Protein chains: 2
Amino acid sequence: MENELVTKLKEIVGEDWVLTDMALMESYLTDVTALPVLPEPASDVVVVKPADAGEISSILKFANEHRIPVFPRGGGTGCVGGAVPTVPGIVLSLERLDRIVEVDKENLMVVAEAGATLEKMLKEVEAADLLFPPHPGDEGAQIGGLVVCNAGGTRAVKFGVIRQYVKGLEVVLPTGEIVTMGGKLLKNNTGLDLMQLMIDSEGILGIVTKVIFRLYPRFAGSATLIVSFDDRHAAIKAVPKILQTGVIPLALEYVERDVIQISADHLGMRWPAQKGMAHLIVIVTGSNEDDVYAQSADVLKVCEGLGAVDILMADTREEQADILKIRSELYPVLKPQVADVLDMAVPPAEIANFLDVLDEISRKYRTRIITYGHAGDGNIHPHLPLELYERGVLSDVKHDIYAEAVRMGGAITAEHGVGKIRTKELPLCLDDKSLELMQGIRKLFDPNGILNPGAALP
Amino acid sequence: MENELVTKLKEIVGEDWVLTDMALMESYLTDVTALPVLPEPASDVVVVKPADAGEISSILKFANEHRIPVFPRGGGTGCVGGAVPTVPGIVLSLERLDRIVEVDKENLMVVAEAGATLEKMLKEVEAADLLFPPHPGDEGAQIGGLVVCNAGGTRAVKFGVIRQYVKGLEVVLPTGEIVTMGGKLLKNNTGLDLMQLMIDSEGILGIVTKVIFRLYPRFAGSATLIVSFDDRHAAIKAVPKILQTGVIPLALEYVERDVIQISADHLGMRWPAQKGMAHLIVIVTGSNEDDVYAQSADVLKVCEGLGAVDILMADTREEQADILKIRSELYPVLKPQVADVLDMAVPPAEIANFLDVLDEISRKYRTRIITYGHAGDGNIHPHLPLELYERGVLSDVKHDIYAEAVRMGGAITAEHGVGKIRTKELPLCLDDKSLELMQGIRKLFDPNGILNPGAALP
């Protein structure tokens, strides 16, 4: 990077907080995207670590004036290349804005800086005997990233996604202004809701520096059920029936036995369910033990009536943790053999049909597409194997899958976002006019197009 | 209205669906805003009642080309003049788009046209043994209006506001394009979220024609508690303590005894609580009777510990209905003596302080500001008496109240919206840059400024 920029950045944040040495910068140029589709990072970048919103404002004003691209960076836990700097510019790491400002027990809110990790925030919230309900998988994710990616995760079936918990933001706009949106308010209808626009904006409209989330009381108990079926359709058909009983599980995951076995084997652990080929993992939470058992009984009753061949219930903390461990290691275990992990959203009742379509596509391309996901909320993750990339048909397979999902009323990303690897695919599920409006909004916020170029929109 | 416009509209929707006779149009020119602040409607308007999104598109294309203002109209239940046509133009009533398209039990969604009333939708949802959780007060409100006003209501403390339930929209843009946003999807992160922007846009960005809402299972039982305190601060302090027990009530309302007595007297009914001056109305719902009693017991225990002087529990349907009837008639009963009903949002823990501030302001202006509201979510409705308007000090009082709310981190509208009577007041709680961005978004969607001019933004 040219000297003038580095000098200016050092002037703003201090000598110690600017990196130009490639060896030190390496970890700032990537994320957890599958390697075959990970975008190539530019080498001509500089990493800057501002201390606060004021310094970020100074950096953005300078960058805006000189038309220098800026790539905001959180925990680097995204899987669509959203934080990768694909052209020369500034990588702006939020890591020093890492304070949990306040856990406000009276208002049931937490105020956190954008660079604090989810792990850190959860610890402080739990210490106050409160609950942050959603749980996007990777606790190394940073708060700001969770918001601009509108993170999802397994608990969305009961608690919804991150959007539902965001009540206030502090944002530095690409033109340098520091603005606040919302506050410690549960209802707020003043003007157009720019805060909602910032959520899931993937770093193109502004840099989030502070977040206010709503909190809830902790739930007292939980149980994890593994319900086995011989048939995929039977398993998926049980999902709305479970939800119609009045029980809203914390999580309602679908996984096939031979797939979850891969993860168990890799970890040297035992997957407890040995019957059936299709499993639902149902986590039930309640206000006390009786409540948990009553809900579990409702789930069991419904599933038995629908042909479940086996039902296991884990109620100790350890048993439940083992099941979750095996489930949550699936992606890391499979990743070396994976070219791209898709993130399809379909109407929940269409999941079984969608899985059948994936089988058809597998047959067509003589491959195996391992698939599992959040059955309770219609979010499915097909894992496209590496060999499709090697055979040069990865895009074809992807387009077939997208077309089927869109035909069923689905979307090409449910929770991972568009990042830098799905921008060209966005027109498959959005009309031209909507894309034009999105581009217009981007231009309005960021007239010189400096913020995270190449991300979020075509 | 000039003849060419009327002829064109009749061509689009048919002879029968265009009104130009003032006697027939009268009910289309107003809403439920308090009379002293109700905007003056223009008399030179024409009312048009299109049958579907296609006809709305044709109307908007024509209006856009000829720069004719269009005022979209739902149930007319707004209380900030949002639907009042303040300049000559077209009043576009959604009343003929009144179908409940589908109650989808498998996906737990309802699809409704924008002009269907909340009442109609609730009936069909209940007939399917499902629940639409939020409950904005007036069931004559139409579905499209609920969405573009992001309606709130008493149940927000447990279930949040309308935004949380909107999963898909069909929208006609001011330039005539018909676009869909979202779908029967519980997670969707494709591009900037225009759907979230449409929610609470108060009719300035497009006309919503169809809505997909998420549904839930019905709750099995409920109880209504009236908890009495001698002191306002003691009552309000109990609110976070109740929420911290893990019980999230369906509603948690604050009302003072002498105020609720006005409504009871007017209705010739008996308000059951006769001790204390400050009441919390706590509605508890649960998955069965035991659960309802267990939650009620938790609430009672906390409130007794905090100095409650009396606690009444109503568990029959009739007793509960009586309490709600008296509470919900408060505004209609008070309305003839009211100049403006404010809709303040403050952090929930600040409510008692905010009520004290209102008392101070009452003393300063030698008046009485009756106040009650949704204590569980920080939404308070101060009723400014008619005599303040007659004395010419209404604006002064309002500005004092706004300034105090904003100082506490609040907002000038929690659920009613900006409409046409608070646009000039918006800069009191929004910064210039945010307003500039909102204006820019409006211009982007509606380049000729035809849609609901005078509403939502200054």
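Residues numbered from 1 in each chain as written. Chains lettered and ligands numbered in written order. Predicted model: local features only at pLDDT ≥ 70, side-chain atom pairs only at ≥ 80, totals over all residues. Heavy atoms only, no water.

**Observations concerning the pattern of salt bridges**
For side chains of opposite charge, pairing can occur when their charged atoms come near one another. Residue and element names in this part refer to chain A. Which entries qualify depends on this criterion: Any Lys or Arg side-chain nitrogen located within 4 Å of an Asp or Glu carboxyl oxygen qualifies as a salt bridge. Here a helix means four or more residues in a row that DSSP labels H or I, a strand means two or more in a row labelled E, and each is numbered from the N terminus.
Considering all chains together, one arrives at 56 salt bridges over all chains under this definition. A salt bridge links Glu113 to Arg99, with the shortest nitrogen-to-oxygen separation between them at 3.3 Å. Here Arg99 lies in the loop between strand S4 (89–93) and strand S5 (100–104) and Glu113 lies in strand S6 (residues 109–113), a separation of 14 residues in the sequence. In this structure, a network of salt bridges that share partners links the residues Arg232, Glu256, Asp356 and Asp359.

**As for the domain arrangement of chain A**
Residue and element names in this part refer to chain A. Let me state the cut-off plainly: Domain segmentation is taken from an automatic or database assignment of domains. Here, two residues are considered to be in contact whenever any of their heavy atoms come within 4.5 Å of each other. By buried area we mean the combined loss of accessible area, with a 1.4 Å probe, across both parts when two parts are placed together. Any pair of N or O atoms that falls within 3.5 Å is considered a polar contact. Within protein, one atom must be able to donate a hydrogen and the other to accept it, and sequence-neighbouring residues count only if both atoms are side-chain atoms.
Examined at the domain level, chain A breaks down into domain 1 (2–93), domain 2 (100–217), domain 3 (221–327) and domain 4 (331–419). Of note, the centres of domain 2 and domain 3, computed from C-alpha atoms alone, are 30 Å apart. On the domain 3 side, the residues contacting the five residues of domain 2 number eight residues. Counting the surface domain 2 buries against domain 3, the share from its top three residues, Thr154, Val157 and Lys158, is 83%. Along the contact surface separating domain 2 from domain 3 lie one residue pair in polar contact (both at pLDDT 80 or more).

**Brief notes about the state of the cysteines**
Residue and element names in this part refer to chain A. The cut-off we apply is this: We call a pair of cysteine sulfur atoms a disulfide whenever their separation is within 2.5 Å. Only protein chains enter the accessibility calculation, which uses a 1.4 Å probe; a residue is then buried when its area is under 20% of its type maximum, exposed when over 50%, and partly exposed in between.
In this structure the tally under the stated criterion is zero disulfides over all chains. For Cys79, which is in no disulfide, the shortest distance to another cysteine sulfur is to Cys149 and amounts to 9.1 Å. Of the cysteine sulfurs around Cys429, a residue in no disulfide, the closest is that of Cys79, at 17 Å. With relative accessibility at 22%, the residue Cys429 sits in the partly exposed group.

**Some words on the sheet that holds S4(A)**
Residue and element names in this part refer to chain A. Filter applied, for reference: Strands qualify as paired when DSSP identifies two bridges or more between them. All axes here are fitted lines through C-alpha atoms, helices being fitted over the stretch that makes contact, and every angle between N-to-C directions spans 0 to 180 degrees.
Reading across the sheet, the four strands line up as S1-S2-S4-S3 and stay open at both edges, with mixed pairing between neighbours. Sheet topology places strand S1 (18–19) and strand S3 (70–73) at the edges, where each strand pairs with a single neighbour. Pairing between S3 and S4: four bridges, direction parallel. Opposite Arg73, over in S4, you have Ser93 as the bridge partner. Lying over the sheet, helix H1 (residues 3–13) contacts S1, strand S2 (45–48) and S4, oriented at roughly 5° with respect to S2. Against the sheet, helix H3 (residues 53–66) makes contact with S2, S3 and S4, and its axis sits at roughly 165° relative to S4, the strand it touches most.

**Concerning helix H4 (residues 118–127) of chain B**
Residue and element names in this part refer to chain B. What counts, and what does not: Each C-beta atom gives one direction from the helix axis, and the arc is the one those directions make.
Those residues of H4 not exposed but buried are Leu118, Met121, Leu122 and Val125. On an axial view of H4, the arc spanned by its buried residues comes to 100°, and they lie on one face. Facing away from the buried side of H4 by more than 90 degrees, the exposed set consists of Lys123 and Ala127. Those residues of H4 hidden inside the fold are in contact with strand S5 (100–104), strand S6 (109–113), strand S7 (130–131), helix H5 (143–148) and strand S10 (207–214). Trailing H4 by a residue or two, Asp129 shows a phi angle of about 65°, which is positive.

**Topic: the environment of B:Lys49**
Residue and element names in this part refer to chain B. Relative to the helices and strands, Lys49 is located in the loop between strand S2 (45–48) and helix H3 (53–65). Spatially, the C-alpha atom of Lys49 lies 9.3 Å from that of Gly14, the residues being 35 residues apart in sequence. Apart from residues lying up to four places away in sequence, Lys49 is in contact with Val13, Trp17, Leu19, Tyr28, Ser93, Glu95 and Arg96. Within the structure, Lys49 has its side chain in polar contact with the side chain of Tyr28 (distance 2.9 Å). There is a polar contact of 3.4 Å between the side chain of Lys49 and the side chain of Glu95.

**Quick look at unusual backbone geometry**
A positive phi is found at A:Leu108, a non-glycine position, where the angle reads about 55°. You can see A:Leu108 is positioned in the loop between S5 and S6. Here B:Asn150, not a glycine, exhibits a phi torsion of approximately 45°, which is positive. As for its position among the elements, B:Asn150 is in the loop between H5 and helix H6 (156–159). Overall, the relative accessible area of 5% leaves B:Asn150 in the buried class.

**With respect to the pairing of S5(B)**
Residues and elements named next belong to chain B. Here S5 runs beside S6; their pairing, made up of four bridges, is antiparallel. The residue of S6 that forms the bridge with Asp104 is Met109. Counted along the chain from S5 to the antiparallel partner S6, the turn is four residues long, and its residue Leu108 has a positive phi close to 55°.

**Quick notes on the packing of aromatic side chains**
Put simply, the rule reads: Only Phe, Tyr and Trp rings are paired, with Trp represented by its six-membered ring, and only when their centres lie within 6.5 Å; those with planes under 30 degrees apart are stacked, over 60 edge-to-face, the remainder tilted. Whether a charge lies above a ring is judged from NZ of Lys or CZ of Arg, which has to be within 6 Å of the ring centre and within 35 degrees of the ring normal.
On inspection of all chains with the given rule, the structure shows six aromatic pairs over all chains. Geometrically, the ring pair formed by B:Phe132 and B:Tyr165 is edge-to-face, given 6.0 Å between the ring centres and 65° between the ring planes. With B:Phe132 in the loop between S7 and H5 and B:Tyr165 in the loop between H6 and strand S8 (166–172), the pair connects residues that are 33 residues apart, well separated along the chain. According to the relative accessible area criterion, B:Phe132 is buried, its value standing at 2%. Here B:Tyr165 and B:Tyr216 contribute two aromatic rings whose centre-to-centre distance is 6.1 Å and whose plane-to-plane angle is 80°, an arrangement assigned as edge-to-face. Taken as a pair, B:Tyr165 in the loop between H6 and S8 and B:Tyr216 in strand S11 (residues 216–217) lie far apart in primary sequence, 51 residues in all. Within the aromatic cluster, the residues linked to one another by ring pairs are A:Phe132, A:Tyr165, A:Phe213 and A:Tyr216. Between A:Arg96 and the ring centre of A:Trp17, over which it is positioned, the NZ or CZ distance is 3.8 Å. Seen from the ring of B:Phe159, B:Lys158 lies directly overhead, with NZ or CZ sitting 6.0 Å from the centre.

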